[in-house]
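Remarks on the overall topology
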Amino acid sequence: MIRGEKLSKRYGDVTALSPTDIEISTGKITAIMGGSGSGKTTLLRLLAGLEAPTTGHIWYGDEDLCGMPVKRLYELRESMGMLFQYSALLNSLNVYDNVAFPLHEHTELDESVIGTMVSMKLEQVGLRGFEDLMPSELSGGMAKRVAFARAMAMDPRVVFFDEPTSGLDPISAGVISNLISETSRKNRMTSIVVTHDVDAGLGIADHVILLWQGCIIAEGAPESIRNSDDERVQQFLNGRPDGPIPFSRSTTSYIDDLTHKPGTVRFAS
Ligand SMILES: Nc1ncnc2c1ncn2[C@@H]1O[C@H](COP(=O)(O)OP(=O)(O)OP(=O)(O)O)[C@@H](O)[C@H]1O
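The name an unreviewed UniProt entry assigns to the protein is ABC transporter related protein, from the organism Mariprofundus ferrooxydans PV-1.

If you want it as structure tokens, here you go:
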């Protein structure tokens, strides 16, 4: 179990995440969903130990990620995989070297063993035979699949997916969703998926956490989220522009801004 306890994050005056308690079940897929700016990526980065929370603790079993010695944090990271929104492939390395990268970094395995492992991972994503291509020669969907293979290279126990289907056509998005779903279930992997994509999120998740303005407004099994009578949840699920979730996030008066009232002036005169 991964557990966030009174977890919060502020950036200057912006509260990206209000104090939140959260539980991620081992071996399950948890989707973190919500509109733009609701705090999804912030929560993912905190859980992955990529950023320190402003308050709270992140428990991996009985170990607190906050304040953990760096050496132990690196060890823990070796059991984690990450798939970022823009694939984050290393442009100067071909497909083979991108997938092999974590194995070269974290293991002492012979190249022949690494080669076999890379072939297995590329077979899993349907790209065996594409080892020599450079990232610039890949479509967006292929790049995501290579990034998926790289995230799986070390057979991680926990994998973080940040918007894995964004920018993909529906077929490529479906392929990535299936890969997440099948690999998670077969390997009993703990998957944490941040997504705007309602169909993908509700389709693959065992548990859904829905955020709004840095707060959890609903969580539970996909079916219970679908049947929620919270208007904010229904506005998000149905993509309605009008509703309790406002279009504008400005906090100052528009008229005051236009008339440069003291305290609201944004530009140097
Ligand atoms: N490094 C940062 N510095 C300052 N503010 C930040 C930073 N990262 C995030 N924020 C702010 O925190 C809030 C939550 O951002 P976050 O990226 O977590 O939202 P999100 O739900 O992932 O949004 P999106 O779906 O658009 O990526 C936003 O108001 C954002 O502007």
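Further remarks concern the site of the ligand. With respect to spatial proximity, the complete set of residues near the ligand consists of Tyr11, Val14, Ala16, Gly34, Ser36, Gly37, Ser38, Gly39, Lys40, Thr41, Thr42 and His196. Mapped onto the shell around the ligand, the elements with two or more residues apiece are strand 2 (14-24) and helix 1 (40-47). Residues belonging to the shell around the ligand are distributed by class as follows: 3 nonpolar, 8 polar and 1 charged.

Here helix 5 (residues 140-152) crosses helix 6 (residues 170-187) at 15°, and the two axes come no closer than 10 Å. What the angle tells us is that helix 5 and helix 6 run roughly parallel. In this structure, helix 5 meets helix 6 at a crossing whose hand is right-handed. Contacts between helix 5 and helix 6 involve Gly141, Lys144, Phe148 and Met152 from the first element and Ser172, Val175, Ile176, Leu179 and Thr183 from the second. Looking at side-chain class alone, the contact of helix 5 with helix 6 contains 5 nonpolar, 3 polar and 1 charged residues.

Counting residues in each nonpolar core, the largest one holds 62 residues, and the members touching the most others are Ile32 and Phe148. Element by element, the count of residues in this core is highest for helix 5, at 7 residues. For this core, the two domains that each supply at least three residues are domain 1 (2-79 + 156-258) and domain 2 (91-154). For Ile32, the contacting residues outside a window of four places in its chain are Lys40, Leu43, Leu44, Ile192, Val194, Ile209 and Leu211.

Right, let's get into the sheet that holds strand 5 (residues 63-64). Sheets are built from strands that pair by backbone hydrogen bonding, the pairs being arranged parallel or antiparallel. Within the open sheet, the 4 strands sit side by side as 2-1-4-5. Their pairing is antiparallel. Each end of this open sheet is capped by a strand with a single partner; those strands are strand 2 and strand 5. Here strand 1 (residues 2-11) runs beside strand 4 (residues 55-60); their pairing, made up of 5 bridges, is antiparallel. Each residue of the ladder has a partner; that of Gly4, found in strand 4, is Ile58. In this fold helix 1 packs onto strand 1, strand 2 and strand 4, with an angle of close to 125° to the strand it touches most, strand 1.

Here is what the cut-offs are and how they apply
Residues numbered from 1 in each chain as written. Predicted model: local features only at pLDDT ≥ 70, side-chain atom pairs only at ≥ 80, totals over all residues. Near = placed C-beta within 6 Å. Helix = DSSP H or I, 4+ residues; strand = E, 2+ residues; numbered from the N terminus. Nonpolar A, V, L, I, M, F, W, Y, C, P; charged D, E, K, R; others polar. Axes fitted to C-alpha atoms, helices over the stretch in contact; angles between N-to-C directions. Parallel < 35°, antiparallel > 145°, perpendicular 65-115°, else oblique. Left-handed = near helix turned anticlockwise from the far one by under 90°. Contact = placed C-beta atoms within 7 Å. Core = buried A, V, L, I, M, F, W, Y, C linked by C-beta atoms within 7 Å. Buried ≥ 20, exposed ≤ 12 C-beta atoms within 10 Å, placed from the backbone. Domains from an automatic or database assignment. Pairing = 2+ DSSP bridges.

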